Amino acid sequence: MFDLRKFGGLIYGADYNPEQWPREVWREDVRLMREAGVNLVSLGIFSWAQLEPRAGEYDFAWLDEVMDLLHAHGVNVNLATATASPPPWLSTRYPDSRPVTADGVRLEVGARQLYCPSHRPFRDHAARLVREIARRYGTHPALRLWHVNNEYGCHIDQCFCGLCAEAFREWLRARYGTLEALNSAWGTAFWSQRYGEWAEVQPPRRAPTFANPTQQLDWRRFSSDNLLDLYRSEVAVLREVTPDVPVTTNFLGFLPGVDAFRWAREEDVVSLDAYPDPGGPHPHLDAGMSFDLMRSLRGGQRWILMEQATGAVNWRERNVLKRPGLTRLLNHEALARGADGIMFFQWRASKAGAEKFHSGLVQHVGPERSRVWREVRDFGAELRGLAELGGARVPARVAVMFDWNNWWALELDSKPAALKLLPLVRKWYAALRQLGQNVDFVHPDADLGGYDVLVLPNQYLLAAGAAQSLRAYVRGGGTVVVGFFSGIVDEHEHVGLGGYPALLRDVLGLWVEEWAVLGHGETNGVCFAGTGERHDVENWCEVIHPQGAEVLATFERDFYRGGPAVTRHAFGAGRAYYVGTDLPGEGVRDVLRRALTAAGVPTTLVPSTLSVSVSAVEGGHLLHLLNVHPTQATVLGVPAGAVDALSGEDVGGAVTLEPYGVRLLRYAGEVDLPAVEVVEVSATPPGPGDPLR
Ligand code: GLA
Ligand code: ZN
């Protein structure tokens, strides 16, 4: 139902909060929007208190005026349901609509996202507001998209109040049917936790020590589902009143509280808010990982970058800005990964409130004298020339498995070592990107058949059905690369016995007897047979017994010295690699290169100062070359036969990129991965804030 053609080109715009400004400013805004090529704004996200100043008393006059004004200037609207921040009258009238923390503290009025998803009167007030908005603007010519609420779970992803406890019990009844089944799933024979009545079952509130892990895991599942139910309650109204207007809600990507795979099924188009830290070493990879996740949520469907900063945010301890050119570069990173739209938070930097030092398209200094404005305006013009990207596909032969259930379970307390999933996923993701791959993320229950290689960085939780489909995938000729501490527990967080990883022993051709967690600062080494390549490893080693698997690398020290660290096993028509330790990035990359090569997937070695990707467009392919470094670079090994999509020149061989420069090279037909090599980087010394300093 989402159709980019209704937007008149790729989407460009921002959150627009006119209620913070007098009318004269609105007129300047629409003039400047035109100048910048803005064709969509997200409107009304935090407008509840303005739209319904007192319960049941609506004031739409100002919004009517803004909608008409935008339309008159050719700007479309992504209209919010305005429910993201309930007004003080609501939170005051219904004190129990305010969420409660795990410690039993009820949160106070004066910020935003102050709602308990289970609170009926809050939901009823919200639904009524949504109905009013949908009725009033459902046929407005500027309306293109509904923006439901805002960043669900951003601040409050769990509410531990009595109403939520009741909803949790209902959710558990639906999941388990009987208390017997719940007791068995939660393993309540441990520590005398057996439940005799449903009323005894509670959220995992602050307890004397470790709460029951399955209770915690089910609580995370429930909390995501409970928010999803709230989302659904708004969407139901929109579908009823405006069945033809597409619906989205803006995700935060890898946000722990929202299982985006489950949510995305209930949107027409996926949208993302991305705030990579420009002060971090590789913001394009941090952002790129979320971009790839967004494209993966609905099977490759294109998505919208709904929010990002033009410069600095306000909410880090140190808010490093985006240096000149970096915003454009990250925009291209999004376009290369399937974005249909490039939007920002927010149009005009606020004068008051907690976000007054957050950058905007129009900065405090005003547009005329602003570097940010010039960049924003220039990019708007550039985007108009890139319309063909709107139909591009991002073909990936490799996928990284990702599942919120696993994320939650892995990071519960009392594990052999406190592991964090995202850094591990990022390490494998970065290595794949360095090998020149487009990367999808795939849910374990999805169809795996389309990929040549699947990577499971740390799939600690693996349900029996998912293990079965992995097995079928490898048997049928697929390649899996499995990282340590994978396939350990089932969906109830119960350990598979008889040698780890119980459900994958046959596929991997080995069993693990015990884990050897390394102390802080302790290392071991692994050495690859044949090549002699070696790596120091930290954190995690294992005592592995091959049962059919071939040993590729062994540990160098300790009582398991000479024992397998990395293995490969032929299973059916496919292959399964296992990495029983925490290899550094280069080690991960080398294992992946072997696996990809053996699976017939070409690789290259992309320098860390470049981002390389390929998209499929009508009549050929585009090679996206992005210089993620603020110095000039010349790239060698670019396949011949290309036309520069921006300038129209013929190129090939060597291509020069300005600092943070971008080249889009069009090839008729297929394009080989370039044997990329950066030969020359200008001598400008990296300054403070240089991402690669
Ligand atoms: C989120 C929110 C916005 C704003 C920005 C600031 O993305 O959706 O309302 O608070 O963060 O970075
Ligand atoms: Zn609650």
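Quantities reported herein were computed from a predicted structural model and do not represent experimental measurements.

This brings us to the overall build of the chain. Along the backbone of the chain there are 17 helices and 26 strands. Expressed as lengths along the three principal axes of its C-alpha atoms, the size of the chain is roughly 75 × 75 × 45 Å. Across the 693 residues that make up the chain, the buried fraction comes to 59%. Of the contacts formed within the chain by residues at least 6 apart in sequence, a portion of 73% connects residues at least 24 apart. Looking at the chain as shown, the accessible area adds up to about 26,100 Å², and 51% of this sits on carbon and sulfur atoms. For the chain, the distance from the average site of its 68 positive side-chain charges to the average site of its 83 negative ones is 2 Å.

A word on the packing of helix α1 (residues 23-36) against helix α3 (residues 61-72). Look at α1 against α3: their axes get within 10 Å of each other, and the N-to-C directions meet at 25°. The orientation of α1 with respect to α3, classified from their angle, is roughly parallel. Seen along the crossing, α1 lies across α3 with a hand that is right-handed. Of the residues in α3, those in contact with R23, W26, R27, V30, M33 and R34 of α1 are W62, E65, V66, L69, L70 and A72. Partitioned by chemical class, the residues of the contact of α1 with α3 number eight nonpolar, no polar and four charged.

On to the packing of aromatic side chains. A complete count under the given rule lists 39 aromatic pairs for this structure. Ring centres of F261 and W404 lie 6.2 Å apart, and the angle between their planes is 80°; this geometry places the pair in the edge-to-face category. On the criterion of sequence distance, the pair formed by F261 in helix α9 (residues 260-264) and W404 in helix α13 (residues 404-410) is long-range, its members being 143 residues apart. Among the aromatic residues, ring-to-ring pairing joins F160, F168, W171, W186, Y195, W219 and F222 into one connected group. Across from the ring centre of W21, 5.5 Å away, lies the NZ or CZ of R348, which sits over that ring.

Residues L70, L79, W347 and L454 are the most contacted members of the largest nonpolar core, which totals 188 residues. The residues touching L454, leaving out its near neighbours within four places in the chain, are A399, V442, L448, L470, Y473, T479, V480 and V481. Counting residues in each nonpolar core, the second largest holds 20 residues, with W171, L172, A185 and Y195 among its members.

Time to look at a nonpolar patch on the surface. Where nonpolar side chains cluster on the molecular surface, the patch consists of F190, W191 and F210 and spans about 350 Å² of accessible area. The residue F210 is located in the loop between α7 (179-186) and α8 (213-241) in this model. Overall, the relative accessible area of 42% leaves F210 in the partly exposed class.

Right, let's talk about the sheet that holds strand β1 (residues 11-16) for a bit. Overall, parallel pairing links the nine strands, which are arranged β5-β4-β3-β2-β1-β9-β8-β7-β6 in an open sheet. Single-partner strands in this sheet number two, and they are β5 (247-248) and β6 (250-251). As paired elements, strand β7 (residues 271-273) and strand β8 (residues 303-307) share three bridges and run parallel to each other. Within the sheet, the bridge partner assigned to S271 lies in β8 and is I304. Packing against the sheet, helix α11 (residues 326-336) makes contact with β8 and β9 (339-344), and its axis sits at approximately 150° to β9.

What follows is about the coordination of the zinc ion (ligand 2). Distances from the zinc ion (ligand 2) to its protein donors, namely C116 (SG), C159 (SG), C161 (SG) and C164 (SG), fall within the range 2.3 Å. In this structure, the zinc ion (ligand 2) is coordinated by four donor atoms arranged in tetrahedral fashion, with angles at the metal of 99 to 118°. Each donor residue of the zinc ion (ligand 2) lies on the same chain, and together they follow the pattern C-x42-C-x1-C-x2-C. Of this pair, C116 sits in the loop between α4 (88-93) and α5 (120-137) while C159 sits in the loop between β4 (143-147) and α6 (162-176), and the two are 43 residues apart along the sequence. Looking at C159, the relative accessible area reads 4%, which means it is buried.

We now examine the domain arrangement of the chain. Per the domain assignment, the segments making up the chain are domain 1 (4-154 + 239-389), domain 2 (398-598) and domain 3 (610-681). Here the C-alpha centroids of domain 2 and domain 3 sit 33 Å apart. Each partner contributes to the interface: domain 2 provides five residues, whereas domain 3 provides four residues. Together domain 2 and domain 3 conceal approximately 330 Å² of surface at their shared face, both sides included; 31% is due to carbon and sulfur atoms. Its largest share of buried area at the contact with domain 3, domain 2 owes to R433, G436 and N438, together 88% of the area lost on that side. Where domain 2 packs against domain 3, one counts zero salt bridges. For the pair domain 2 and domain 3, the number of links is two residue pairs in polar contact (both at pLDDT 80 or more).

So, about the side chain of S97. Note that S97 resides in the loop between α4 and α5. Not counting chain neighbours up to four residues away, the residues in contact with S97 comprise L90, S91, L114, Y115, C116, H119 and F122.

A word on α8. For α8, which comprises 29 residues, the first-to-last C-alpha distance of 42 Å matches the rise-based estimate of 42 Å (1.5 Å per residue) to within 8%. Here α8 starts with a cap whose side-chain oxygen sits 2.8 Å from the backbone nitrogen of T214, and that cap is N212.

Take the packing of helix α14 (residues 421-434) against helix α17 (residues 585-598) next. Close contact between α14 and α17 brings their axes to 9 Å; oriented N to C, the two are set at 55°. For the element pair α14 / α17, the angle class is oblique. Where α14 crosses over α17, the two elements pack in a sense that is right-handed. For the pair α14 and α17, the contacting residues are K427, W428, A431, L432 and Q434 in the first and G585, V588, R589, L592 and L596 in the second. Residue composition of the contact of α14 with α17, by class: six nonpolar, two polar and two charged.

The environment of ligand 1 is formed by F46, R112, N150, E151, D273, Y275, E307, W315, F345, E355 and H358. Between E307 and ligand 1, the recorded distance is 2.3 Å, taken from a side-chain N or O atom to an oxygen atom. Contact distances for ligand 1 include 2.3 Å between an oxygen atom and a side-chain N or O atom of E355. When the free accessible area of ligand 1 is taken as 310 Å², the share hidden by the protein chains comes to 96%.

The first and last C-alpha atoms of helix α10 (residues 283-297) sit 22 Å apart over 15 residues, in line with the 21 Å expected at 1.5 Å per residue. For α10, the buried fraction is high: 14 of the 15 residues fall into the buried class. Among the residues trailing α10, G299 stands out with phi positive, at a value near 60°.

With respect to burial, β4 is a largely interior element, four of its five residues being buried. Of the pairings in the sheet, the one linking strand β3 (residues 76-80) to β4 comprises four bridges and is parallel in character. Bridge pairing in β4 places L79 opposite W146. Examined bridge by bridge, β4 and β5 share two bridges and lie parallel to one another. For W146, the partnering residue across the bridge sits in β5 and is V247.

What counts as what
- Residues numbered from 1 in each chain as written.
- Chains lettered and ligands numbered in written order.
- Predicted model: local features only at pLDDT ≥ 70, side-chain atom pairs only at ≥ 80, totals over all residues.
- Heavy atoms only, no water.
- Helix = DSSP H or I, 4+ residues; strand = E, 2+ residues; numbered from the N terminus.
- Buried < 20%, exposed > 50% of the residue type's maximum accessible area, 1.4 Å probe, protein only.
- Contact = heavy atoms within 4.5 Å.
- Areas by Shrake-Rupley, 256 points an atom, 1.4 Å probe, with all protein chains shown as cover.
- Lys, Arg positive; Asp, Glu negative; His and termini not counted.
- Charge placed at Lys NZ, Arg CZ, Asp CG, Glu CD.
- Axes fitted to C-alpha atoms, helices over the stretch in contact; angles between N-to-C directions.
- Parallel < 35°, antiparallel > 145°, perpendicular 65-115°, else oblique.
- Left-handed = near helix turned anticlockwise from the far one by under 90°.
- Nonpolar A, V, L, I, M, F, W, Y, C, P; charged D, E, K, R; others polar.
- Phe/Tyr/Trp six-rings, centres within 6.5 Å; stacked < 30°, edge-to-face > 60°.
- Lys NZ or Arg CZ within 6 Å of the ring centre and 35° of its normal.
- Core = buried A, V, L, I, M, F, W, Y, C linked by side-chain atoms within 4.5 Å.
- Patch = residues over 30% accessible without salt bridge, like charges linked within 9 Å, V, L, I, M, F, W, Y side chains within 5 Å.
- Salt bridge = Lys/Arg side-chain N within 4 Å of Asp/Glu carboxyl O.
- Pairing = 2+ DSSP bridges.
- Donors = N, O, S within 2.8 Å, 3.2 Å for Na, K, Ca; no water.
- Tetrahedral: all angles 85-135°; square planar, octahedral: opposite > 155°, others 65-115°.
- Domains from an automatic or database assignment.
- Buried area = accessible area lost by both parts, 1.4 Å probe.
- Polar contact = N/O pair within 3.5 Å; in protein donor to acceptor, adjacent residues only side chain to side chain.
- Expected span 1.5 Å × (residues − 1).
- Near = heavy atom within 4 Å.

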